[in-house]
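Descriptive structure summary
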Amino acid sequence: MIRAVVTGASSGIGQAAAIALAKTYRHRNQAPVKIVVHYRNNESGAEQTADQIRQQGGQALTLSADLNDAAACDTLLDQSWQWLSVPNTWINFAGVDVLTGEAKSWSFERKLKQLMEVDVLATIKLNREVANRMLAGPESGPPPSITFVGWDQAPLGMEGEAGQMFGPVKAAVMAFANSLAQQCAPKVRVNTVAPGWIQTSWGQTTDSYWNDRAQQQSLMNRWGKPADVARAVCWLSDPENTFCTGQTLEVNGGWNRQFDR
Ligand SMILES: NC(=O)c1ccc[n+]([C@@H]2O[C@H](COP(=O)([O-])OP(=O)(O)OC[C@H]3O[C@@H](n4cnc5c(N)ncnc54)[C@H](OP(=O)(O)O)[C@@H]3O)[C@@H](O)[C@H]2O)c1
């Protein structure tokens, strides 16, 4: 059975992933799926996620924590372990949105600092503790897993401010995940999902340039959806998927290298 924590599950990809876990694993065995729905401020979004999990016959607990607050992260860990009695999968989707809302008008330096603090430093600190707790867990059963979110363009780069922010930030997360996989095998599996152009809140406001670009850079000729990434996350975190660790799975519909004649 799935006993999961999904961070950043109040909207976007994290929300889709938490709901998809409940749908995918509801018939796997007798025990209900149990999912901690983590959020920071968007309580109603988190409650919507929890409702959808419950509609699938799963159990859900919403927990709030700002990743920048070390004490709040400790409480998130303690309450998750208490409620789940050892999660068998921890999925990281919490990340700063600097593309919409008030943050859109911040300076480049402020956006980068915030991304570094939350998506990199706080995520690494939190997941070192997640891994330690999983490593100290019971020997029996399939290895638990941790899944990170990277970005398909981080390793090779993209022009402009978005590339200069998200490139180093997500590359750092992907590098950390690979090192954690080396550290924790074979007791804990660690993988990364690297989405391409996924239509979450920013992708619903974009002009024709970005819409065309998102479509044309994918071999499938469309924006990715949160559900596309959620499907990959369900596969990576499947407890029976015991031979998969240290992998980065791109979810971008295939990068388009075709050349127009
Ligand atoms: N969309 C894409 O095309 C794409 C591509 C590659 C990678 N990603 C990555 O995928 C992840 C999810 O993206 P999304 O588009 O689904 O974003 P989203 O809808 O903005 O969701 C972000 C989540 O992170 C939480 N969060 C933000 N700051 C936080 C903090 N300081 N502490 C704790 N939680 C915090 C938010 O919580 P509250 O709203 O409750 O405050 C929300 O639940 C991000 O890491 C993003 O960089 C996205």
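By the naming in an unreviewed UniProt entry, the chain is Glucose 1-dehydrogenase 2, taken from Stieleria bergensis. In UniProt, the chain has this text filed under Sequence similarities (unreviewed entry): "Belongs to the short-chain dehydrogenases/reductases (SDR) family."

Right, let's get into the overall build of the chain. Assigned secondary structure in the chain consists of seven helices and seven strands. Mapped in sequence order, the helices and strands of the chain form the string β-α-β-α-β-α-β-α-β-α-β-α-α-β. Expressed as a percentage of contacts within the chain between residues at least 6 apart in sequence, the contacts between residues at least 24 apart total 75%. Taken as two groups, the 23 positive and 24 negative side-chain charges of the chain have centres that lie 5 Å from each other.

Before going further, it helps to spend a moment on the pairing of strand β5 (residues 145–149). Among the five residues of β5, five are classified as buried, and the element is accordingly described as predominantly covered. Pairing analysis gives three bridges linking strand β4 (residues 89–92) to β5, with the strands arranged parallel. Paired with Thr89 across the bridge in β5 is Ser145. Considered for its hand, the β-α-β crossover made up of β4, helix α4 (residues 108–135) and β5 is right-handed. Bridge count for β5 against strand β6 (residues 189–195) is five bridges, and the pairing is parallel. Its bridge partner being in β6, Thr147 is matched across the sheet by Asn191. Note on the crossover from β5 through helix α5 (residues 160–184) to β6: the handedness is right-handed.

Take helix α1 (residues 12–25) next. The α-helix winds at 3.6 residues per turn, so residues separated by three or four positions along the chain end up facing the same way. The end-to-end C-alpha separation of α1 is 20 Å, in line with the 20 Å expected for 14 residues at 1.5 Å each. Buried residues dominate α1, accounting for 11 of its 14 residues. Those residues of α1 lying buried are Ile13, Gly14, Gln15, Ala16, Ala17, Ala18, Ile19, Ala20, Leu21, Ala22 and Tyr25.

Glancing now at the site of the ligand. Neighbouring the ligand are 27 residues; Ser10, Ser11, Ile13, Asn42 and Thr200 lie closest to it. One nitrogen or oxygen atom from the main chain of Gly8 is found 3.3 Å from an oxygen atom belonging to the ligand. One of the backbone nitrogen or oxygen atoms of Ile13 is found 2.7 Å away from an oxygen atom of the ligand. With the chains in place, 89% of the 910 Å² that the ligand exposes on its own is no longer accessible. Counting residues per element, the ones that place at least two in the shell around the ligand are α1 and β2 (34–39). In terms of residue class, the shell around the ligand is made up of 12 nonpolar, 11 polar and four charged.

With omega at 0°, the peptide bond leading from Ala185 into Pro186 counts as cis. In this fold, Pro186 is placed in the loop between α5 and β6. The residue Ser85 is not glycine, and still its phi comes out positive at about 40°. Positionally, Ser85 belongs in the loop between α3 (70–84) and β4. The phi dihedral of Val86 falls on the positive side, at around 80°, and the residue is not glycine. Tracing the backbone shows Val86 in the loop between α3 and β4.

Attention now goes to the nonpolar core. Side chains that are nonpolar tend, in soluble globular proteins, to be buried together. If you look at the biggest cluster of nonpolar residues, it comprises 46 residues, and the most contacted ones within it are Trp90, Val130, Ile146, Phe148, Leu180 and Val190. Those elements that place two or more of their residues in this core are α3, α4, β5, α5 and β6. Looking at this core, the element that brings in the most residues is α5, giving 10 residues. In contact with Phe148, not counting residues within four places along its chain, are Asn92, Thr123, Asn127, Val173, Phe176, Ala177, Leu180, Val190, Asn191, Thr192 and Val193. Counting 33 residues, the second largest nonpolar core, distinct from the first, contains Ala18, Tyr39, Phe93 and Ile198.

Glancing now at the packing of α3 against α4. When two helices pack together, their arrangement is given by the angle between their axes and by how far apart the axes lie. Between α3 and α4, the least distance of the axes is 11 Å, while the angle of their chain directions is 30°. Between α3 and α4, the crossing angle belongs to the class labelled roughly parallel. The hand of the α3/α4 crossing is right-handed. Side by side, α3 and α4 meet where Ala70, Cys73, Leu77, Asp78 and Trp81 of the first sit next to Lys125, Leu126, Glu129, Val130, Arg133 and Met134 of the second. Counted by class, the contact of α3 with α4 contains seven nonpolar, no polar and four charged residues.

Thresholds applied
- Residues numbered from 1 in each chain as written.
- Predicted model: local features only at pLDDT ≥ 70, side-chain atom pairs only at ≥ 80, totals over all residues.
- Heavy atoms only, no water.
- UniProt positions renumbered as here; feature names shortened; annotations may be inferred.
- Helix = DSSP H or I, 4+ residues; strand = E, 2+ residues; numbered from the N terminus.
- Contact = heavy atoms within 4.5 Å.
- Lys, Arg positive; Asp, Glu negative; His and termini not counted.
- Charge placed at Lys NZ, Arg CZ, Asp CG, Glu CD.
- Buried < 20%, exposed > 50% of the residue type's maximum accessible area, 1.4 Å probe, protein only.
- Pairing = 2+ DSSP bridges.
- Right-handed = clockwise from strand over helix to strand, strands pointing away.
- Expected span 1.5 Å × (residues − 1).
- Near = heavy atom within 4 Å.
- Polar contact = N/O pair within 3.5 Å; in protein donor to acceptor, adjacent residues only side chain to side chain.
- Areas by Shrake-Rupley, 256 points an atom, 1.4 Å probe, with all protein chains shown as cover.
- Nonpolar A, V, L, I, M, F, W, Y, C, P; charged D, E, K, R; others polar.
- Core = buried A, V, L, I, M, F, W, Y, C linked by side-chain atoms within 4.5 Å.
- Axes fitted to C-alpha atoms, helices over the stretch in contact; angles between N-to-C directions.
- Parallel < 35°, antiparallel > 145°, perpendicular 65-115°, else oblique.
- Left-handed = near helix turned anticlockwise from the far one by under 90°.

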